[in-house]
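# Coordinates in review
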Amino acid sequence: MTAALFTNAWSEKSFLLVGLGDSVTAGFGARRGYSYFDLLVTNSPDEFEDMKHICLGTVLPNFQFTNLAVSGSTSREHAEHQLPRLPAIHSNTIALVVMTTGGNDLIHNYGRTPPREEAIYGATWDQAAPWVTNFEQRLEGMVEQITIRFPNGCHLFLATIFDPTDEVGDIEHAGLPAWKDGLKIVAAYNDVIRRSAGRHSFVHLVDVHAAFLGHGIHCTQFWSAHYDAKDPHYWYYVNLEDPNERGYDVIRRLFLREIAKTANEFR
């Protein structure tokens, strides 16, 4: 993160930061003030030295925020329950929307029940293929609804879905049932998210999946393909499906980097 980008205000215009999605945006597992959404707004009391004063509150003086994300929610629930709750805003307000979606579609119900749409865990590729198509259609509908709700201007920052197996695919080593086609299906969901960012100029990809490789269940294995010698640490919470506070710090940095790239458009 370049501190110089956060030295002066980006704009005097009015902004609204909105969080949408699942437990990653809701901040499950983090103390109050340490989720990625919280850290986008303002720094924590014991902030890392290199991140002091690097937050949206520093550069957007006319700035409000609301987080509508709900832990455990699926992409359909994001479309049907969260989007209708988007706040009405003044015509001169620009919306910055941060979103994590699709992750719970993949992990529910940890193989305890037969796979179905939005509870895909354990599915074969043939079973999952139509659900991937439906996810793409659902995500496209959400993007369209967000633009309708924020006609004065909107930037949507959309995160990819991380893989705690570091692309090895051996989720059984984390205590869950083996999932033969899991890697392929996770990759397909992430391809949907990447295509959405490629289709719309106002949708910006936040590649959490790539950043987290080497920080899952194989983080200490120096022979692993994604081993990170500079930071060989685990970035996941005890439930495996959410980040720990180190992970939330990384996600905060990723979102801020992408948001900063759009700063010139705010003036």
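You'll find the structure just up there.
Description of the structure in this document. Predicted, not measured: the structure shown is a model, and the values here were computed from it.

### A look at the pairing of strand S5 (residues 203-206)
Where strand S4 (residues 154-159) lies against S5, 4 bridges are found, and the strand directions are parallel. For Leu 158, the partnering residue across the bridge sits in S5 and is Leu 205. Between S4 and its parallel partner S5, the chain crosses via helix H7 (residues 182-199), and the hand of that crossover is right-handed.

### Let's talk about H7
With 18 residues, H7 extends 26 Å between its outermost C-alpha atoms, agreeing within 8% with the 26 Å of an ideal straight helix rising 1.5 Å per residue. Those residues of H7 not exposed but buried are Gly 182, Ile 185, Val 186, Ala 188, Tyr 189, Asn 190, Val 192, Ile 193, Ser 196 and Ala 197. The elements touched by buried residues of H7 are helix H5 (103-107), helix H6 (125-149), S4, S5 and helix H8 (208-212).

### A word on the environment of Glu 118
Following the sequence through the fold, Glu 118 ends up in the loop between H5 and H6. Not counting residues within four places of it along the chain, the set of residues in contact with Glu 118 comprises Thr 74, Ser 75, Arg 76, Glu 77, Asn 104, Asp 105 and His 108. A distance of 2.5 Å separates polar atoms of two side chains, one belonging to Glu 118 and the other to Thr 74.

### Comments concerning the sheet that holds S5
Taken together, the 5 strands give an open sheet; going across it, the order is S2-S1-S3-S4-S5, and neighbouring strands pair in parallel fashion. With partners counted over all chains shown, the strands left at the sheet margins are strand S2 (63-67) and S5, one partner each. Across this sheet, the average inter-strand angle for adjacent strands is 20°, counted without regard to direction.

Cut-offs and rules
- Residues numbered from 1 in each chain as written.
- Predicted model: local features only at pLDDT ≥ 70, side-chain atom pairs only at ≥ 80, totals over all residues.
- Heavy atoms only, no water.
- Pairing = 2+ DSSP bridges.
- Helix = DSSP H or I, 4+ residues; strand = E, 2+ residues; numbered from the N terminus.
- Right-handed = clockwise from strand over helix to strand, strands pointing away.
- Expected span 1.5 Å × (residues − 1).
- Buried < 20%, exposed > 50% of the residue type's maximum accessible area, 1.4 Å probe, protein only.
- Contact = heavy atoms within 4.5 Å.
- Polar contact = N/O pair within 3.5 Å; in protein donor to acceptor, adjacent residues only side chain to side chain.
- Axes fitted to C-alpha atoms, helices over the stretch in contact; angles between N-to-C directions.

Coordinates in, geometry out; function isn't part of it.
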